[in-house]
Structures are given as C-alpha cells and as structure tokens.
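Residue-level structure breakdown
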Amino acid sequence: MRVAVGSDHAAFSLKELLLDHLRRKADIEVIDMGTETETVSCDYPDIAFRVGEEIAKKNVDRGVLLCGTGVGMSIAANKIPGIYAAHCHDVETARFSRLHNNSNVITMGARIISPELASAILDTWLSTDFEQGRHTARIAKVLDYERKVCPGRAFSEKGKTVLFEHPLMLHKVSLIRNKDTSVKEFRELVQEIAGLMVYEMTRSLPLVKIEVETPLERTDALALAGKDLAIVPVLRAGLGMVDGILQLIPNAKVGHIGLYRDPDTLLPVEYYCKLPGDIDQRDVLVLDPMLATGGSASAAISLIKKRGGKKISLVCIIAAPEGVSKVHADHPDVDIYAAALDSHLNDHGYIVPGLGDAGDRLYGTK
Ligand code: RB5
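First, a word on scope: everything that follows refers to the structure included in this document. (Residues numbered from 1 in each chain as written. Predicted model: local features only at pLDDT ≥ 70, side-chain atom pairs only at ≥ 80, totals over all residues. Heavy atoms only, no water.)

With that settled, consider the pairing of strand β9 (residues 229-235). In terms of burial, β9 is largely enclosed, as six of its seven residues are buried. Pairing between β9 and strand β13 (residues 283-287): five bridges, direction parallel. Each residue of the ladder has a partner; that of Val232, found in β13, is Val286. Here two bridges tie β9 to strand β10 (residues 253-254), and the two strands are oriented parallel to one another. Across the sheet, residue Ile231 finds its bridge partner in β10, namely Val254. (Buried < 20%, exposed > 50% of the residue type's maximum accessible area, 1.4 Å probe, protein only. Helix = DSSP H or I, 4+ residues; strand = E, 2+ residues; numbered from the N terminus. Pairing = 2+ DSSP bridges.)

In this section: the packing of aromatic side chains. Each aromatic ring pair is specified by the distance between its two centres and by the angle formed by the two planes. Per the stated rule, a full pass over the model turns up two aromatic pairs. Measuring from ring centre to ring centre gives 6.0 Å for Phe164 and Tyr337, while their planes differ by 20 degrees; the resulting arrangement is stacked. Taken together, the residues span a long stretch of sequence, with Phe164 in the loop between β6 (161-163) and α7 (167-177) and Tyr337 in strand β17 (residues 335-338) at a distance of 173 residues. Taking the centre distance of 6.4 Å and the plane angle of 35 degrees together, the rings of Tyr260 and Tyr271 count as tilted. Placement of the pair is Tyr260 in strand β11 (residues 256-261) and Tyr271 in strand β12 (residues 268-274), with a sequence separation of eleven residues. On the basis of relative accessible area, Tyr260 is assigned to the partly exposed category, the value being 41%. One cation-aromatic arrangement involves Arg62 over Trp125; the distance from NZ or CZ to the ring centre is 4.7 Å. Taking the ring centre of Phe96 as reference, the NZ or CZ of Arg95 above it sits at 5.1 Å. (Phe/Tyr/Trp six-rings, centres within 6.5 Å; stacked < 30°, edge-to-face > 60°. Lys NZ or Arg CZ within 6 Å of the ring centre and 35° of its normal.)

What is shown is where atoms sit, not what they do.
Here it is as structure tokens:
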C-alpha cells in the first residue's frame, strides 16, 4: 500500500515519528509530502491539497494528514472530490471510519493526542478493510452527490484541465492573439507565458530540508525534492516555449518530438523522437502552444508512454474544446494546463478566435 503523509508545522514532529513508524512496515511504501520543518509556519490547506490530489489521481492509496487539531486538515482535504477524510482521535472511530465509511484519509491533531495513541490509531486504520454490505449503498449516495456537483472529477481516473487565471498571463495571451504583434514580440511573449505557466504548475512541488552555510552561520533551508523534470516540445511550435521554462528550471532535460500529418489519412506520423534516456524516472511536460484537434498532442504522449514515460502533463497556451476532449479520451491519466480555452475549431482545423499558426508567428514563415 502506498501512503502519503503530510503535516503543517504544528504537527511536524508527529509526522516525523509516524513516518519512522510506517517505514518499519514491509507492506507499506510511505511518501513524505512535507512540511519540512517546524520552524517555518505554513498553511495546512496547502499540504492537505497536495496529499489529497495524490490520492484523487490514484498515485497513492491512502493519506495521513496531521495539524495542531486535525480539524483544518480534514476540512481542507474533504473539499477534494474523491477524498473521504476521517478526523480521528481514538482507535474505535478510526476502525469504523474504514469499516463503514471507507475513509481514504485520516487526520489527527498533534496538540490533542499523544504520539503513542496516534501510532495505535494509524495501525488500526491502515489494517482495517471496508466492510461493504449495507455501507456500500450509503457510500454510493455520497459518490452520486459528488459526481453531480463535480462532474468528471469525483473518483474519476480522468486527468484534469487547469486553466490559469493569472492577470499577467491573460494580458500576455491577449498580446499574442493580436495579428499586429511582431515576430520578435510574439516569440518573447510565448517564452514569458511558458515560464509563468510552469511557475504556477510547480507551486506544490515537494521540498526537503537541507543545511546551508551562509557567510554568518549554518542554517536550515529548503530545496526541491522529488522527481526531475523533462520537457518535450512538439516540433516546431513547442520549441517556442522551451527557453522560458529552462530559465526557471535549468536542470530539466529536453526531448524533441517531430510529427507531420499524413495528407491521405490526416493522422500524425512520427519523423523524429529523441527523449532523455531516463524518461521513465521524470515528470514529463509535453509542450505545444496550440491544442487544436489534439491529434499530434495525443500522438506525442503515446510516443512518450511507449518509451517508458509515466507521469505526463500537457502544457499548451490556447486550447480548443475538441483537443481537450481528444487528449482526455486517449490519455485519461494526463493533466492539461492551458492559459485559455477558446470557442471551437474552424473547417481548416484552426482554433477560433486563437492566434493563427503559432509556428508561423514564432518563426515569421508566413
Ligand atoms: C496551526 O496553529 C493550527 O491552526 C493548525 O495546525 C490546525 O490545528 C488547524 O486546524
């Protein structure tokens, strides 16, 4: 069983203790989702959403969330479709939250219960199965309600579509739409938008505590943990986004995929594919500024999967609903990040209102 564990500063030492406790169990793979220190105060919703999203995306099976009282974590985690967080301060409640409610997250308060009791509660919660029977129908009511208010998200394996709303990004997207924007400005703006998108996307990357020697003394500091990144532009328009991302994440490896559309079948055909050798170990961002029919984006994602890529996201600047549907249908595990969702495709496959052909506008080839 894969278990993600997170806490705020108030429960940091309880988290460390429970992590040690869980690491001694052979049948449990434990993932520390932060926070990284008790000396820097943080906001419990950030951690609750980080852990909850991992469960909702089925990257892990269960979550353990700890804060001062456990209350904030349970309120925040239960906002995520697919999360059923039980706030437990005794063994019996924890047991019944599994037997009857099939809870997939437990929240506890480090200021309320002792570490010994927390360990006992956790052991019971992890080893108790859902009883099913009459409880299945009750849970189905909760699931039905969730599906009604969050269509497509509740307990779904579907990737999500995230539309960015940062004013700087929206302003720059308006500038690249303008047909009078020069090639030079267009190219610079695409890089800036790509950088801003990745800045937003990396907001919840996990951190680890490190020690740093300043000119004055040794001190605790934070550094990025977790998987390395690969960015894979789809030639040629995707190239326009690469440098904006590398400026922020210079260690990312860059792969390239070239596809052309067969004039007879209209299907994308690979003519170039060079990916980092360890693509299976990396979080992969596929770059294509315009998600139109979704044909080439979907084919690019398939190529990456064929070579071992597992955790893939698609980053585009403007998306059409047709492309979003195609990518989600072909690759339900892939999240799509976009700065704008436009109205539709015209008869020539151009996004409307869009910005024209991004490749031509980037390289002045029209
Ligand atoms: C932090 O002081 C505290 O508010 C938090 O850990 C938690 O108890 C919230 O519910």
